[in-house]
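Residue-level structural notes
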Amino acid sequence: MIPAVTAKYDWILALISIAFVASALGNGANDVANSYATSVAARTLEMWQAGILAACTEFVGAVALGQRVTDTIKDGIIDISRFKGNPGTLMLAMGCAEFGSAAWLTLANYIGFPVSTTQTIVGALVGVGFAAQTDIHWEWTKGSVSQVAASWGIAPAIAAGFAAIIFASVKYTVLERQDPFKWAMRLIPIYLAVTGAILALFIVIEAPSEPFETFSVGSGVGIMLGVFFGCLLIGVVFFLPYFQRRLCRGDTRVKFYHLPLGPMLLMDNCPLYFPSKSDAVVVDYYQDSYGEVVAGKKGAKSEETQDTFEPKMMGETTDIQRNLDSVESSPEIKPKEKHIEPEERFLDPVRDLPWYSPTKIWGYTKFCLLQGVTRDVVSHDSERLRAIHARASKYDNRVEHLWTYCQVVSAMMMSIAHGSNDVANAVGPWAATYSTYLAGEVSTEAPTPVWFLVIAGLLLGTGFWCYGFNIVRALGNKITQMSPTRGFSTELGAAITVLLASHFGLPVSTTQCLTGASMGVALMNYDLGAVNWRQLAFIFGGWVLTLPCAGLISGLLCLMALNTPHF
């Protein structure tokens, strides 16, 4: 039975539930995209593959590792004692915070701002605190506003350092040696093992159900050593035969799903289930969607010239040798392929059909469900970006292919950790409102039902699938030229930063860690021109705007709600 004191506020619960859905979708579109941005930009994963993985990993992180008892008023940003005896007012305030968070995340996703969802909900709560005239915790304590502001510089700097060190190790032990492929084959099992060990410790410690304080140094070392040797054995027994068959012998029939065959792949007549019909051993990881490679061509003129921010029509080219309509064209030169955007793929063929046509309905349905994962997020038609990419070194694609597996695992682990930790950002205000509604009194800490986490986990993955492409663009090739080795270094550097921050209590965000790590890897080209400083300034601007914008939206809503005239 719902207590009478809160039963009359069921409309607030209904509204905040709607806001929660929008907030969770925005969280997924923004923060989940961070985890997979470098993998998509480096062409390790297609956007639709990342979408499927994101849906699975976010769900696992939220449901299997998400905390069951949530401090629903996140990190003690505001003093809840102000609401004692007024549970309806607390419900209203939390509803305004959820609406403010959802509104800012939606706007940030539309603009392409990779922002911290944790800082978004903190800003929203600060705005509500001002409106309700509660005390706000400004002092240097865990989760305080001062620590959030400090993270704008701390997180990127630390992550940049770690990512640069990791990429330097790959660069000087493999990429720039006399025979990089030989050294890559020798060292890839060790890199697989080290990656697995670090990420295992990362995911265990990031799981909120097991606080870091419960782990001794011995436990941490034991976990890392156990996983290291386990991954090393897997790398030698399964991965090396697979790489020998595919990369050394050039057998294009072999794909990643043949890994379980292990040593059998070394046999001349190894039976292959579902052999691939591909005719390419590896893809060119530096190629954009038009088939053009500009990395490593510093000083070379691009084939196309146009204004920095003025997009050209897809597939158009001014190169008369590639233009089949030109009398001077060369038929042997293949024209650039045109990437078909979702509007062209799903909507154009059915635009002239009547609205009651099943074909038109199906076309628009596919557009709504698939437009987020069928867009080109790899290519950027900007002469300035092409010049930046040209300053990045280009390495052997066979070597790059070896690191795609480390990169995908890194992305998946970061996504699981995000689902386990940041699910509380969307669930927090909703859970506070729900528990207060049921209890009939102010409730700041209450069991979070599993079905809350199930819904949130599904919404996080859905948010990425439908609208994560803007953030993937922003954190991918817009900062620097990405490749699997660079993406691996970026993701592992960010993971190590978050891992250490958990231990030392430093305020960091996965968004800011990945941005800083991308910058660190870009600087390893030893060329400031290989970094898109304008894009970094744009992203930093989004971080600075997050607190005041989320706070202003929430605060104004709460102020108007609390002071609304009524009969």
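Please read these numbers as outputs of a predicted model, since none were measured by experiment.

**Observations concerning the nonpolar core**
In this structure, Phe20, Tyr36, Met47, Met94, Phe464 and Val472 are the most contacted members of the largest nonpolar core, which totals 66 residues. Here this core gets 10 residues from one element, more than from any other, and that element is helix H2 (residues 10-41). Counting 58 residues, the second largest nonpolar core, distinct from the first, contains Val174, Met185, Tyr242 and Leu261.

**Some words on helix H18 (residues 510-523)**
Over its 14 residues, H18 extends 20 Å from the first C-alpha to the last, a length consistent with the 20 Å expected when each residue adds 1.5 Å. The buried fraction of H18 is high, at 12 of 14 residues.

**Quick look at a nonpolar patch on the surface**
Together, Trp11, Leu15, Ile18, Phe99, Leu552, Leu556, Leu557, Leu559 and Met560 line one region of the surface with nonpolar side chains, adding up to about 860 Å² of accessible area. Counting residues per element, the ones that place at least two in the nonpolar patch are H2 and helix H19 (533-562). If one sorts the elements of the nonpolar patch by residue count, H19 sits on top with five residues. Looking at where Leu557 falls in the secondary structure, it is placed in helix H19. Given a relative accessible area of 32%, Leu557 falls into the partly exposed group.

**Concerning the UniProt feature "transmembrane region" (unreviewed entry) in the chain**
UniProt's entry tags residues 47-66, 149-175, 187-205, 217-243, 450-472, 492-517 and 537-562 with the feature "transmembrane region" (unreviewed entry), counted in the numbering of this structure. Counting secondary structure, residues 537-562 comes out at 100% helix and 0% strand; the distance between its end C-alpha atoms is 37 Å.

**What about the UniProt feature "signal peptide" (unreviewed entry) in the chain?**
The sites that UniProt annotates as "signal peptide" (unreviewed entry) are residues 1-26. When the span residues 1-26 is considered, its composition is 81% helix and 0% strand, and the gap between its end C-alpha atoms is 34 Å.

**Some points on helix H15 (residues 450-467)**
Three- or four-residue spacings in an α-helix give side chains the same orientation, since the helix completes a turn every 3.6 residues. Taking 1.5 Å of rise per residue, the 18 residues of H15 would be expected to cover 26 Å, and the 26 Å separating its terminal C-alpha atoms lies within 8% of that figure. Among the residues of H15, those classed as buried are Phe452, Leu453, Ala456, Gly457, Leu459, Leu460, Gly461, Gly463 and Phe464.

**A closer look at the packing of H2 against H15**
Axis separation between H2 and H15 bottoms out at 6 Å; the angle between their running directions is 65°. In terms of crossing hand, the pair formed by H2 and H15 is right-handed. Residue-level contacts link Phe20, Val21, Ala24, Leu25, Asn27, Gly28, Ala29, Val32, Ala33 and Tyr36 of H2 to Ile455, Ala456, Leu459, Leu460, Thr462, Gly463, Phe464 and Tyr467 of H15. When the residues that make up the contact of H2 with H15 are grouped by side-chain class, the tally is 14 nonpolar, four polar and no charged.

**So, the pattern of salt bridges**
With the rule as written, the count across this model stands at nine salt bridges. Lys171 is the partner of Glu176 in a salt bridge, and the nearest nitrogen-oxygen pair spans 3.8 Å. The class for Glu176 is partly exposed, based on a relative accessible area of 43%. Salt bridges sharing partners connect three or more residues here, namely Arg245, Asp251 and Arg253.

**A closer look at the state of the cysteines**
Applying the stated criterion across every chain, the model contains zero disulfides. Looking at Cys558, it has no disulfide partner, and the nearest cysteine sulfur is the one in Cys96, 4.5 Å off. The class for Cys558 is buried, based on a relative accessible area of 0%.

**Here's the deal with the environment of Cys270**
Mapping Cys270 onto the fold places it in the loop between helix H8 (217-248) and helix H9 (342-347). Residue class for Cys270 comes out buried when judged on its relative accessible area of 6%. Among residues more than four places away in sequence, those in contact with Cys270 are Arg245, Leu261, Met264 and Leu265.

**Concerning the side chain of Gln535**
Tracing the chain through its elements places Gln535 in helix H19. With a relative accessible area of 8%, Gln535 lands in the buried category.

**What about the packing of H2 against H18?**
Close contact between H2 and H18 brings their axes to 9 Å; oriented N to C, the two are set at 25°. Viewed along their axes, H2 and H18 adopt a mutual orientation that is roughly parallel. Regarding H2 and H18, the two cross each other, and that crossing is left-handed. On the side of H2, the interface is formed by Asp31, Asn34, Ser35 and Thr38, while H18 contributes Thr510, Thr511, Leu514 and Ser518. The residue inventory of the contact of H2 with H18, partitioned by class, reads one nonpolar, six polar and one charged.

**Examining the packing of aromatic side chains**
Throughout the structure, instances matching the rule amount to 23 aromatic pairs. Ring centres 6.5 Å apart and planes at 35° place the aromatic pair Tyr257 and Tyr273 in the tilted group. Linking Tyr257 in the loop between H8 and H9 with Tyr273 in the loop between H8 and H9, this pair joins segments that are 16 residues apart in sequence. The exposure class of Tyr273 is partly exposed, given its relative accessible area of 33%. Here the aromatic rings of Trp355 and Tyr364 are separated by 5.1 Å at their centres, their planes lie at 50°, and the arrangement is tilted. In this structure Trp355 comes out as exposed when scored by relative accessible area, which is 61%. Given the relative accessible area of 23%, Tyr364 is considered partly exposed.

The rules behind these values
Residues numbered from 1 in each chain as written. Predicted model: local features only at pLDDT ≥ 70, side-chain atom pairs only at ≥ 80, totals over all residues. Heavy atoms only, no water. Core = buried A, V, L, I, M, F, W, Y, C linked by side-chain atoms within 4.5 Å. Buried < 20%, exposed > 50% of the residue type's maximum accessible area, 1.4 Å probe, protein only. Helix = DSSP H or I, 4+ residues; strand = E, 2+ residues; numbered from the N terminus. Expected span 1.5 Å × (residues − 1). Patch = residues over 30% accessible without salt bridge, like charges linked within 9 Å, V, L, I, M, F, W, Y side chains within 5 Å. Areas by Shrake-Rupley, 256 points an atom, 1.4 Å probe, with all protein chains shown as cover. Salt bridge = Lys/Arg side-chain N within 4 Å of Asp/Glu carboxyl O. UniProt positions renumbered as here; feature names shortened; annotations may be inferred. Axes fitted to C-alpha atoms, helices over the stretch in contact; angles between N-to-C directions. Left-handed = near helix turned anticlockwise from the far one by under 90°. Contact = heavy atoms within 4.5 Å. Nonpolar A, V, L, I, M, F, W, Y, C, P; charged D, E, K, R; others polar. Disulfide = S-S within 2.5 Å. Parallel < 35°, antiparallel > 145°, perpendicular 65-115°, else oblique. Phe/Tyr/Trp six-rings, centres within 6.5 Å; stacked < 30°, edge-to-face > 60°.

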